[in-house]
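Next come the chains, spelled out residue by residue.
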Amino acid sequence: MAEERRVLLEYADKINPENAQDYINVGGYKGLEKARKMDSKDLIQEVKRSGLRGRGGAGFNAGLKWSFVPPAEVKYVVCNLDEGEPGTYKDRIICEKNAQALLEGMAICGAAINSNQGYIYCRGEYPFIVELLRNAINSAKESGALGDFDIEVRMGAGAYVCGEETALIESIEGHRGEPRFKPPFPGVEGLWGVPTVVNNVETFACLPYIIENGADWFAGIGAQKYPGTKVLTLTGDIEKATYFEVPTDYLLKDVIYELGGGIKGGKKFKAVQVGGTSGAFIPEQNLNTPIDFDSMGAMGAALGSGAAFVMDETRDIVDIVTRISKFFEHESCGKCNPCREGTFRCREIMEKINSGRGTEKDIDNLLLLGRVMKKAALCGLGQAAPIPILSTIEHFKHEYSRKLLQYA
Amino acid sequence: MANYKDIIESNKDKEGGVIEVFHALQKEFNYIPEEALLEAARVFGISAAQAYGVATFYSYLSVEKRGKYIIRICESAPCHVAGADEVLKAMENYLGIKAGETTSDGKYTLELTECVGQCQATPVITINSEPIFNVTAAKIPEILAAYK
């Protein structure tokens, strides 16, 4: 079976995302209505039972995250729309096709944790989405669908690290987007020091459908331990470089060869990097794997944001990884030493190898440095930065070897 | 041209809104002029150092004067394999400036950027944040003709 399963994107291009009435006409805001009649504990329990796990990349059970929020007078619901992983644009697509579902999902979260203020942190690259969302919010408020739940949109300014939830909070507060030490986690001490739930766009957008159709319905879609659908974006050497929504037990090879239409220009496959630029490079022998969080993790990769960057047989892996290492050097916020120095040295060594001046010792140093960064960096950026390097040394060592000095 | 004091004043009640103010200032001036930055710091009750710290942390904010049109060339991996390097070289040649510089007539500033989230049509450039798809060296004169 290799078909899309559209839940979030069922009415893509059939409704105006800015218009609440369009969304209501196709059954929208029924989940929120139901959620508001439920006891908040039961509502959290229902989300927990659905098995919905964070779609931003960390894969944490959403209901469980909410259950950690202590009672407090003021709490916030924050939506992470800072998708900065190169190759990823699924949150933009969800907003462009079904923004009202995001707003409804945030309001459902508000009902669960007893908050009436939400923030959407939108990346600075998407000023047109900020406008779309502000119109969508106005329309939803006017229709009365959101009730007393308010949502404010704040725009980032081009910092990848702000996708990390505590850096995102710092940025909303008007500071440099540097991650905080955890604990305390945002659920306990988040935006302006009060309990805050931060979830990804796609996670929120799943909620209306879960509440309306029930936890069992959602739990029955896709992979058992990471149920539901996932919006994927395909880029690189692929015939159909576009987005798809699939059940989470969908096979990676079907993403590439069925939905993606195979490698561009009839060339052969070399590698796919899944989860954005911080993801592992996956060789051909591992393609027969479902895309869900745990299956990808079991083979040393990650579903991450759901981006799939496909490379054909002619691509130079070392050159691409060198470019990726520049990305991380640029995006490291500089707060912690393992990341600030580590991303700098990774880039330096990768450039040395890529220009034909590297030795075996450089590869050993990359392996050691990568291990240190994975363990010692403060946030996910520094921990994930060496993954493209480590995974390509594991699966494509010959591409490194042929660039080393003794073979030049 | 709007007065920077009015721009700051109209955003002053937004908690933590200094970044919002910087965006609003850039919309008007394309960068954050020094006197506006100092005024924003004063209104939001932060030091000038903190305000500079914020303004220089984010790639999309600039405390240096920039041109009327800010051209950004995406360098991230999907654009890289699609030929972003050639687009950059061609753009530098066409404008006669290097990345990070502004043309002498004050019209174009050329910047490099990481992923702009339009990876369905690589390589991508943006001009004042508007994405332009499947860019090639040959298309550059035609693209820029629309930004006078």
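These numbers come from a predicted model, not from an experiment.

Caption draft 1: Representation of the overall build of chain B. Scanning chain B from terminus to terminus reveals seven helices and four strands. Shown N-terminal to C-terminal, the secondary structure of chain B runs as helices and strands in the order α-α-α-α-β-α-α-β-β-β-α. Projecting the C-alpha coordinates of chain B onto the three principal axes gives extents of approximately 50 × 30 × 20 Å. Going through the 148 residues of chain B one by one, you find that 43% of them count as buried.

Caption draft 2: View of the overall build of chain A. For chain A, the count of helices and strands is 17 helices and nine strands. Taking 22 Å as the expected radius of gyration for a compact globule of 408 residues, we find that chain A reaches 21 Å, a close match to that expectation. Seen along its three principal axes, the alpha-carbon backbone of chain A occupies a region of about 70 × 45 × 35 Å. Taking all 408 residues of chain A together, the buried fraction comes to 59%. A sequence separation of at least 24 residues applies to 73% of the contacts in chain A between residues at least 6 apart.

Caption draft 3: Local environment of the sheet that holds strand β1 (residues 76-81) of chain A. Residues and elements named next belong to chain A. Strands sit in the order β3-β2-β1-β4 across an open sheet of four strands; the sheet is parallel. Looking at the sheet topology across the chains shown, the edges are occupied by β3 (150-155) and β4 (196-200). In this sheet, neighbouring strand axes are inclined to one another by 20° on average, regardless of whether the strands run parallel or antiparallel. Two elements, strand β2 (residues 117-122) and β3, share six bridges in a ladder whose sense is parallel. Bridge assignment links Cys-122 to a residue of β3, and that residue is Met-155.

Caption draft 4: Highlighting helix α5 (residues 90-113) of chain A. Residue and element names in this part refer to chain A. Between its terminal C-alpha atoms α5 stretches only 27 Å, short of the 34 Å expected from 24 residues at 1.5 Å a residue. Along α5, 23 of the 24 residues are buried, which leaves the element largely enclosed by surrounding structure. Just past α5, the residue Asn-114 takes up positive phi, approximately 65°.

Caption draft 5: Looking closely at the environment of A:Gly228. Residue and element names in this part refer to chain A. Along the chain, Gly-228 turns up in the loop between α9 (215-219) and β5 (229-236). The exposure class of Gly-228 is buried, given the 27 C-beta atoms found within 10 Å. Note: C-alpha distance between Gly-228 and Pro-247 (19 residues apart in sequence) is 6.0 Å. Not counting the four nearest positions on each side in its chain, Gly-228 is found in contact with Leu-52, Cys-206, Phe-218, Ile-221, Gly-222 and Thr-248.

Caption draft 6: Layout of the domain arrangement of chain B. By the assigned domains, chain B splits into domain 1 (4-57) and domain 2 (69-145). Distance between the C-alpha centres of domain 1 of chain B and domain 2 of chain B: 28 Å.

Caption draft 7: Representation of the environment of A:Ile151 within the structure. All names here are of chain A. Checked against the element boundaries, Ile-151 lands in strand β3. Ile-151 gets classed as buried once you count the C-beta atoms within 10 Å, which come to 23. Along the sequence, Ile-151 and Tyr-76 sit 75 residues apart, while their C-alpha atoms lie 10.0 Å from each other. Setting aside residues up to four positions removed in sequence, Ile-151 forms contacts with Leu-103, Met-106, Gly-118, Ile-120 and Ile-137.

Caption draft 8: Structural view of the packing of α5(A) against helix α6 (residues 127-143) of chain A. Residue and element names in this part refer to chain A. With their axes 10 Å apart at the nearest point, α5 and α6 run at an angle of 25° to one another. Classed by the angle they form, the pair α5 and α6 counts as roughly parallel. Remark: the crossing between α5 and α6 carries right-handed chirality. Along its contact with α5, which presents Arg-92, Cys-95, Glu-96, Ala-99, Gln-100 and Leu-103, the element α6 presents Ile-129, Leu-132, Leu-133, Ala-136, Ile-137 and Ala-140.

Caption draft 9: Summary view of helix α13 (residues 337-354) of chain A. Residues and elements named next belong to chain A. Under the 1.5 Å per step criterion, the end-to-end length of α13 is 25 Å for 18 residues, consistent within 8% with the ideal 26 Å. Among the residues of α13, Cys-339, Gly-342, Thr-343, Cys-346, Arg-347, Ile-349, Met-350 and Ile-353 are the ones counted as buried. Buried residues along α13 sit in contact with α12 (317-331), α14 (360-376), α15 (380-384), α16 (387-395) and α17 (397-401). Once α13 ends, the next one or two residues include Gly-356, with phi positive near 85°.

Caption draft 10: Representation of the nonpolar core. Residues and elements named next belong to chain A. With 179 residues, the main nonpolar core has Cys-79, Leu-102, Leu-103, Cys-109, Cys-122 and Leu-133 as its most contacted residues. Per-element accounting of this core gives the leading share, 14 residues, to α5. Excluding its chain neighbours within four sequence positions, the residues that come into contact with Leu-102 are Cys-79, Ile-94, Cys-95, Val-201, Phe-204 and Ala-205.

Caption draft 11: Summary view of the confidence of the model for chain B. Averaged over all residues, the pLDDT of chain B equals 96, while 99% of them reach at least 70. Both confidence scores are given for the complex: pTM 0.97, ipTM 0.96.

Caption draft 12: Region of the structure containing the domain arrangement of chain A. Residues and elements named next belong to chain A. Assigned domains of chain A: these are domain 1 (20-219), domain 2 (229-310) and domain 3 (317-407). Computed over C-alpha atoms, the centres of domain 2 and domain 3 are 23 Å apart. The interface of domain 2 with domain 3 comprises nine residues on the first partner and eleven residues on the second. Residues of the side of domain 2 that touches domain 3, tallied by class, amount to four nonpolar, five polar and no charged.

Caption draft 13: Molecular detail of the sheet that holds strand β7 (residues 269-274) of chain A. All names here are of chain A. As summarised here, the arrangement of the five strands in space is β6-β5-β9-β7-β8, forming an open sheet in which the pairing is mixed. Looking at strand neighbours, the two that pair on one side only are β6 (243-247) and β8 (281-283), the edges of this open sheet. On average, each strand axis in the sheet is tilted by 30° relative to the strand beside it, whichever way the strands run. Taken together, the three bridges between β7 and β8 define a ladder with antiparallel strand orientation.

Caption draft 14: Quick look at the interface of chain A and chain B. Contacts between the two partners involve 39 residues from chain A, matched on the other side by 28 residues from chain B. When contributions to the side of chain A that touches chain B are tallied by element, the ones reaching two or more residues are β3, α7 (165-172), β5, β9 (307-312) and α12 of chain A. Broken down by class, the residue content of the side of chain A that touches chain B amounts to 15 nonpolar, 15 polar and nine charged.

Analysis parameters
- Going along each chain's sequence as written, the residues are numbered from 1 onward.
- Chains carry letters from A onward and ligands carry numbers from 1 onward, assigned in written order.
- It should be noted that, the model being predicted, local features are given only for residues of pLDDT at least 70 and side-chain atom pairs only at 80 or more, the latter also being counted only at that level, while totals for whole chains, interfaces and linings use all residues.
- Numbering of helices and strands runs from the N terminus; a helix is a DSSP stretch of H or I covering at least four residues, while a strand is a stretch of E covering at least two.
- Working definition of burial: number of other C-beta atoms within 10 Å of the residue's own, with buried at 20 or more, exposed at 12 or fewer, and partly exposed in between, all C-beta atoms being placed from the backbone.
- We compute the radius of gyration from the C-alpha atoms alone; for a globule the expected value is 2.2 Å times N to the 0.38, where N is the number of residues.
- Contacts are defined on C-beta atoms placed from the backbone: any two residues whose C-beta positions lie within 7 Å are in contact.
- Whether two strands pair comes down to DSSP finding at least two bridges between them.
- Each axis is a line fitted through C-alpha atoms, and for a helix only the stretch in contact is used; angles between axes span 0 to 180 degrees, taken between their N-to-C directions.
- The span you would expect from a helix comes to 1.5 Å times its residue count less one.
- Annotation comment: domain bounds sourced from an automatic or database domain assignment.
- Relative orientations are named as follows: roughly parallel for angles under 35 degrees, roughly antiparallel for angles over 145 degrees, roughly perpendicular for angles from 65 to 115 degrees, and oblique for any other angle.
- For any pair of crossing helices, the crossing counts as left-handed if the nearer helix is rotated counterclockwise from the farther one by less than a right angle, and right-handed if it is rotated clockwise.
- Think of a nonpolar core as buried Ala, Val, Leu, Ile, Met, Phe, Trp, Tyr and Cys residues, each tied to the set through C-beta atoms within 7 Å.
- One number per residue, pLDDT, summarises how confident the predictor is, and it ranges from 0 to 100.
- For this classification, Asp, Glu, Lys and Arg are treated as charged, while Ala, Val, Leu, Ile, Met, Phe, Trp, Tyr, Cys and Pro are nonpolar and the rest, including Gly, are polar.

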